[in-house]
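Chain residues, written in single-letter form:
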Amino acid sequence: MANGQWFPPEWPERIRALAEGTLTPADPKPAATVMLLRDTDDGAPAVHMLRRRASMAFAGGAYAYPGGGVDPRDHERLVGWTGPTRAWWADRLGVDETSAQAIVCAAVRETYEEAGVLLAGPTPETVVGDTTGSDWEADRASLVARDLSFAEFLDRRGLVLRSDLLGAWTRWITPEFEPRRYDTWFFVAALPEGQRTRNASTEADRTVWIRPSEAAASYDKGELLMMPPTVATLRQLVPYATASETLEAAPGRDLTPVLARARLENGEVVLAWPGHDEFTKHIPTGEAPA
């Protein structure tokens, strides 16, 4: 391959089935992922990325950000909360207030579950420090197992979610021909002082702090495997000199969903992401993408 763009080998067949009307699209589930940033000595912020285990059925070996699906329980009760209101987030994300809470909770919870970083504090102005102790790990494991809801976790710890530490950046929806689909909001956040990342995910075999420009360049060379949303967001982060500058830019970002479109044309499948021409792929009928 010319770059590190990842395509599942079954996509061409599923795209043809969708075009022929024999494939019914699955409903996308709401999800969130977080581009965690920290400033570096040379002025360009680095982003935290994890590499999915090669054994994973979907995107094995690909680099991504911490993230995952919404826990339905995050709709059911109010959580300890500070920062922009649920109504503000509902307007920003284009959903109702209950869904807005669940999406923001997913962003914070998944960052804690997969990177060990918690965007919450005992007061509206503070953030927890080191979260690597055995008692923290027990709670994190309970969250991963869904034995503990995020609201229960915050209550147990006497914490409030710091929604002001997040910035909604972009939104991508898994293509209609995928069997498992997600409607994913991408957020940016700065690594809180006193906290550190670690590979806490069972789905990842490596984590790195890397400058977006370097990660994108490695993708271009075919050295790092990534899916289109990951590469696109990396390129969008490059112009910003600090983590705080990136966060300040977030409220002005367009959250119109990006959804891949596929069509049959002149004996080949054409796959395109509107507004992201670099990912357009022409796949001859009957062949898997290179």
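Residues numbered from 1 in each chain as written. Predicted model: local features only at pLDDT ≥ 70, side-chain atom pairs only at ≥ 80, totals over all residues. Heavy atoms only, no water.

A. Up close: the overall build of the protein. A count of helices and strands for the protein gives 8 helices and 14 strands. Referenced to the eigenvectors of the C-alpha coordinate spread, the extents of the protein come out at roughly 60 × 45 × 35 Å. Burial status across the protein gives 51% buried among its 290 residues. Restricting to contacts in the protein with at least 6 residues of sequence separation, those with at least 24 account for 70%. (Helix = DSSP H or I, 4+ residues; strand = E, 2+ residues; numbered from the N terminus. Buried < 20%, exposed > 50% of the residue type's maximum accessible area, 1.4 Å probe, protein only. Contact = heavy atoms within 4.5 Å.)

B. Layout of the confidence of the model for the protein. Residues with a pLDDT of 70 or more make up 92% of the protein, whose mean pLDDT is 88. At the level of individual helices and strands, the protein shows its lowest average pLDDT in helix α1 (residues 11–19), which scores 77, and its highest in helix α2 (residues 86–93), which scores 98. (pLDDT = per-residue confidence, 0-100.)

C. Inspection of the pairing of strand β12 (residues 261–265) at higher detail. For β12 and strand β13 (residues 268–273), the ladder comprises 5 bridges, and the chain directions are antiparallel. When the bridges of β13 are listed, Leu264 appears paired with Val269. Here β12 hands over to β13 after 2 residues, with Asn266 in that stretch at a positive phi of 50°. (Pairing = 2+ DSSP bridges.)

D. A look at the sheet that holds strand β5 (residues 81–82). The strand order across the open sheet formed by 3 strands is β5-β7-β6, and the pairing between neighbours is mixed. Because the sheet does not close on itself, it has two edges, and the strands there are β5 and β6 (120–121). As paired elements, β5 and strand β7 (residues 160–162) share 2 bridges and run parallel to each other. By the bridge assignment for β7, Thr82 is matched with Arg162.

E. Broad picture of the sheet that holds β13. Ordered in space as β12-β13-β14, the 3 strands form an open sheet in which the pairing is antiparallel. The sheet terminates laterally at β12 and β14 (276–284), the two strands that pair on one side only. In this sheet, neighbouring strand axes are inclined to one another by 20° on average, regardless of whether the strands run parallel or antiparallel. Where β13 lies against β14, 5 bridges are found, and the strand directions are antiparallel. In the strand pairing of β14, Leu271 is matched with Lys281. Against the sheet, helix α7 (residues 228–237) touches β13 and β14, its axis set at about 155° to β14. (Axes fitted to C-alpha atoms, helices over the stretch in contact; angles between N-to-C directions.)

F. Layout of helix α4 (residues 134–144). Every buried residue of α4 is listed here: Trp136, Asp139, Arg140 and Leu143. Projected down its long axis, α4 shows its buried positions confined to an angular sector of 100°, all on one face. Structurally, α4 contributes buried residues whose contacts are with α3 (97–115) and α5 (150–157). Just downstream of α4 lies Arg146, where phi reads positive at about 65°. (Arc of directions from axis to C-beta.)

G. Spatial organisation of the pattern of salt bridges. Scanning all chains against the criterion turns up 18 salt bridges. When the shortest N-O distance is used, the salt bridge between Asp71 and Arg73 registers 2.9 Å. For Asp71, a relative accessible area of 6% corresponds to the buried category. A salt bridge links Arg157 to Asp135, with the nearest nitrogen and oxygen atoms 3.5 Å apart. A residue pair is termed long-range when its members are at least 10 positions apart, and Arg157 in helix α5 and Asp135 in helix α4 qualify at 22 residues. Residue Arg157 is classed as partly exposed on the basis of its relative accessible area of 24%. Overlapping salt bridges, with partners in common, bring together Asp71, Arg73, Asp74, Arg109, Glu110, Glu113 and Arg146 in one network. (Salt bridge = Lys/Arg side-chain N within 4 Å of Asp/Glu carboxyl O.)

H. Up close: the nonpolar core. In terms of nonpolar packing, the biggest core is built from 39 residues, with Trp89, Leu93, Leu118, Phe150, Phe153, Leu166 and Phe187 touching the most fellow members. At the level of elements, β1 (29–38), α2, α3, α4, α5, β8 (166–173) and β9 (182–190) are the ones that each hand at least two residues to this core. Among the elements that take part in this core, α3 stands out by supplying 9 residues, more than any other. Setting aside chain neighbours within four positions, we find Phe150 in contact with Asp74, Cys105, Val108, Arg109, Leu118, Leu143 and Leu161. Ranked by size, the runner-up nonpolar core spans 34 residues in total, among them Tyr63, Phe177, Val231 and Ala260. (Core = buried A, V, L, I, M, F, W, Y, C linked by side-chain atoms within 4.5 Å.)

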